[in-house]
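Below, each chain spelled out in residue letters.
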Amino acid sequence: MRKISATFIFPGNRPPLKNGILICEDDGTIAEITDTGGMLREQAGLEYYSGILVPGFVNSHCHLELSHLKGKIPERKGLGGFLGEINKLRNDENLLDPLALKKADFQMQHSGTVAVGDVSNSISSLEVKRTSKLYYHTFTEAFGFHPSRVEKAFSIAKFVESMFHEAGLSVSVTPHSSYSVSETLFKRIKDNALSDNSILSIHNQESIAEEMFFKSCSGPILNHLQHNLGLDVSHLKPKRGSMLHWVLSLLPKENQLLLVHNTYTSQSDISVIKENRNPENTYFVLCPNSNLYIEDQLPPVPLFQNEKLNLCLGTDSLASNHQLSVLQEMITLQQHFPDITLHELVTWACLNGARALRIDHRYGSFERGKNPGINLITGADLQHLKLTSACRVKVLQQPA
Ligand SMILES: [Zn+2]
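Engineer: Account for unusual backbone geometry, with residues named and values stated.
Structural biologist: For N197, which is not glycine, the phi dihedral falls at a positive 50°. You can see N197 is positioned in the loop between α5 (183-196) and β10 (200-204). A positive phi angle is found at K308, which is not glycine, with a value near 55°. Position of K308 relative to the elements: it lies in the loop between α11 (301-306) and β13 (310-313). Here K308 falls in the exposed class, since 8 other C-beta atoms lie within 10 Å of it.

Engineer: Mind laying out the sheet that holds β10, listing which residues take part and the relevant values?
Structural biologist: Taking strand neighbours across the sheet as the criterion, the four strands line up as β10-β11-β12-β13 in an open arrangement whose pairing is parallel. Lying at the two open borders of the sheet, with one neighbouring strand each, are β10 and β13. On average, each strand axis in the sheet is tilted by 30° relative to the strand beside it, whichever way the strands run. Relative to strand β11 (residues 257-261), β10 is paired through five bridges, and the arrangement is parallel. Residue pairing across strands places S201 opposite L258, the latter belonging to β11. In the packing of helix α13 (residues 342-356) onto the sheet, the strands contacted are β11, β12 (282-286) and β13, and the crossing angle to β13 comes to about 105°.

How each quantity is defined
Residue indices follow the written sequence of each chain, beginning from 1 at its first position. Totals for whole chains, interfaces and linings use all residues, but because this is a predicted model, local features are given only for residues with pLDDT of at least 70 and pairs of side-chain atoms are given and counted only at 80 or more. Only DSSP runs of H or I reaching four residues or more are called helices, and only runs of E reaching two or more are called strands; each is numbered from the N terminus. Here exposure depends only on C-beta density: within 10 Å of a residue's C-beta, 20 or more other C-beta atoms make it buried, 12 or fewer make it exposed, and intermediate numbers make it partly exposed, the C-beta atoms being placed from the backbone. Strand pairing requires that DSSP identify at least two bridges connecting the strands. Lines fitted to C-alpha atoms define the axes here, with helix axes fitted over just the stretch in contact, and angles between the N-to-C directions of these axes take values from 0 to 180 degrees. By the criterion used throughout, residues are in contact when their C-beta atoms, derived from the backbone, lie within 7 Å.

In structure tokens:
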């Protein structure tokens with residue numbers, strides 16, 4: 001048994017407790033959480049820390065397999081420029097570093113992450129995930145923009161899925177984005193998701209270029225498909241109406257859905273989402289540091305708060321981030337949107353991510369019987385309960 005107290009405990013599922021006490025088993029299972037009413041008495045065997053205790057973080061969007069591209073892609077080139085660079089570099093054998101993925105996994109553990117929603121196009125991350133202390137749900141991503149590619153694209157994604165499945169890892173097939181998946185491939189993914197009752201994730205409105213491509217078949221995305229990938233674009237026709245409505249009509253309402261980025265998601269888009277989906281199984285993953293890296297933009301977070309969306313946090317990959325740290329994503333949001341409360345940030349970083357990945361029976365909050373990991377955040381402004389750039393995280397207890 002460990003008895004741990006700190007200046008504040010943010011349990012993830014309810015308001016903070018001043019000087020609360022967390023009691024856990026030796027394997028980290030939460031046995032009890034005590035509200036002292038702020039009056040902590042000295043007692044035998046109590047560990048006390050100055051700072052904030054929070055559950056282990058859930059990184060809801062990452063691409064571990066791109067870890068070898070850290071620092072290789074220039075910042076603020078826009079999504080079109082970024083995709084072109086990724087395409088050029090991701091298979092460059094001179095850059096492949098077998099240790100990069102292992103290091104990134106290790107870095108996540110040490111920055112307080114306990115679970116990851118990770119996008120994989122190949123099996124290159126399988127071995128690291130199989131032996132990692134972190135929980136991974138892998139999204140094997142299908143992309144095939146030309147209708148003739150449907151069977152090939154789908155069977156590659158299913159093959160990758162089967163390999164992860166055989167290794168005993170949680171996995172599901174998912175579409176990459178609105179612009180890289182043909183309508184027929186979307187339908188294939190939808191049928192598969194329905195029969196597997198699987199979790200879906202899709203890159204959504206990361207750039208204004210997506211809307212441009214949808215409405216007029218022009219702009220940086222067309223340029224990428226045509227010139228970087230050398231694809232036949234002769235079948236393309238501009239589409240009418242809302243891009244998001246089109247995407248949502250191709251995804252099953254019944255399935256859990258993670259919409260990733262949402263940098264350009266507007267009030268009217270949110271209305272479309274609410275008309276077409278159940279808010280309960282729809283999650284919005286924010287990756288602010290990646291958005292700043294690629295587009296130098298941030299999503300309209302106050303709008304999302306007003307609309308009471310289920311927000312989660314992700315780091316995206318080391319190709320578009322300087323580190324894989326959920327705390328750094330929280331700090332960036334706090335700096336740009338000072339009105340966000342720490343309670344909200346912790347809910348997004350822990351419980352909502354766990355709910356999105358359907359692992360909240362174990363992770364995401366300090367509740368009896370769960371084993372969510374225990375992090376200590378130091379360097380926060382404890383008077384106003386705000387994160388600062390001086391914040392650091394120390395892992396006090398890793399989940400067993
Ligand atoms: Zn991504």
